[in-house]
Amino acid sequence: MRYKFRCDVTVKDLWSLYMYRIYHSMVGVCSLVLAVSMIALTVRFWGESGNGVRFVLILACLLVPVVQPLGAWMRSKKQAKQLPKEMELWFGDKGIYVQADGQTATIDWKKIGRVSKEHNLVILLTRDGRGYMLTNRVLGKDRDEFYQYLVSRIS
């Protein structure tokens with residue numbers, strides 16, 4: 001075996017990934033434009049509006065900085081409950097060995113579709129739709145070397 005890691009993905013890791021992907025996409029750009037627009041509308045019409053309109057303006061201003069991250073947190077919490085509690089991954093010349101909840105599986109390198117290095121983790125996606133996430137906390141100083149190893153194995 002070349003590498004062995006114990007997967008330890010938390011709700012915070014998933015939330016951080018969702019937030020990173022949201023704000024580094026067109027959705028994030030639109031969200032930021034919406035937030036700035038709502039703040040500008042609130043400032044512009046605050047003095048001329050009644051309490052009902054002010055309430056709606058405040059709610060609109062909270063949509064992007066509060067509601068969107070809260071929704072991502074709830075989604076992360078739901079997904080984290082579905083993850084196996086104890087998972088270990090071994091990476092060797094013949095493939096990846098996965099042990100989770102007392103079961104073992106072997107994944108041939110040909111079945112790995114893609115490897116992605118995100119800001120705080122490395123994601124392996126198989127051709128059948130499964131994914132494995134290894135956080136920087138787990139990878140430590142071997143992150144870049146490990147990523148290069150994965151890329152060389154699936155190329």
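That block above? That's the structure.
A brief look at the structure comes next. Source: prediction; values computed, not measured.

Over its 13 residues, helix H1 (residues 11-23) runs 18 Å from end to end, which matches the ideal 18 Å to within 8%, given 1.5 Å per residue. Among the residues of H1, Val-11, Asp-13, Leu-14, Ser-16, Leu-17, Tyr-18 and Met-19 are the ones counted as buried. Considering only its buried residues, H1 is in contact with helix H3 (51-82), strand S6 (121-126), strand S7 (131-135) and helix H4 (136-139).

Note: strands within a sheet are paired through backbone hydrogen bonds, in either parallel or antiparallel orientation. Taken in spatial order, the three strands make up an open sheet running S5-S6-S7, and their pairing is antiparallel. Both outer strands of the open sheet, strand S5 (112-117) and S7, are each paired with one neighbouring strand and no more. Averaged over all neighbouring strand pairs, the angle between strand axes comes to 15°, with direction disregarded. Examined bridge by bridge, S6 and S7 share five bridges and lie antiparallel to one another. Bridging from a neighbouring strand, Leu-121 pairs with Thr-135 of S7.

Next up on the list: unusual backbone geometry. One non-glycine residue, Asp-101, adopts positive backbone phi at about 50°. Within the secondary structure layout, Asp-101 lies in the loop between strand S3 (95-100) and strand S4 (103-108). For Asp-101, a relative accessible area of 55% puts it in the exposed group.

For the rest of this paragraph, the subject is a nonpolar patch on the surface. On the surface, Leu-34, Trp-46, Phe-55, Val-56, Ile-58, Leu-59, Leu-62, Leu-63, Val-66 and Val-67 cluster together into a nonpolar patch covering about 860 Å² of accessible area. Element by element, the count of residues in the nonpolar patch is highest for H3, at eight residues. Looking at where Val-67 falls in the secondary structure, it is placed in helix H3. Relative accessible area serves as the criterion here: at 45%, Val-67 is assigned to the partly exposed category.

We now examine the pairing of S5. Where S5 meets S6, five bridges bridge the pair, whose relative direction is antiparallel. The residue bridging Val-115 from the neighbouring strand is Leu-124, located in S6.

So, about the packing of aromatic side chains. What the rule picks out here adds up to nine aromatic pairs. Counting every residue linked through ring pairs, the aromatic cluster contains Tyr-3, Phe-5, Phe-91, Trp-109, Phe-146 and Tyr-149. Over the ring of Phe-45 we find Arg-44; its NZ or CZ atom is 4.8 Å from the centre of that ring.

Calculation notes
- Residues numbered from 1 in each chain as written.
- Predicted model: local features only at pLDDT ≥ 70, side-chain atom pairs only at ≥ 80, totals over all residues.
- Heavy atoms only, no water.
- Helix = DSSP H or I, 4+ residues; strand = E, 2+ residues; numbered from the N terminus.
- Expected span 1.5 Å × (residues − 1).
- Buried < 20%, exposed > 50% of the residue type's maximum accessible area, 1.4 Å probe, protein only.
- Contact = heavy atoms within 4.5 Å.
- Pairing = 2+ DSSP bridges.
- Axes fitted to C-alpha atoms, helices over the stretch in contact; angles between N-to-C directions.
- Patch = residues over 30% accessible without salt bridge, like charges linked within 9 Å, V, L, I, M, F, W, Y side chains within 5 Å.
- Areas by Shrake-Rupley, 256 points an atom, 1.4 Å probe, with all protein chains shown as cover.
- Salt bridge = Lys/Arg side-chain N within 4 Å of Asp/Glu carboxyl O.
- Phe/Tyr/Trp six-rings, centres within 6.5 Å; stacked < 30°, edge-to-face > 60°.
- Lys NZ or Arg CZ within 6 Å of the ring centre and 35° of its normal.

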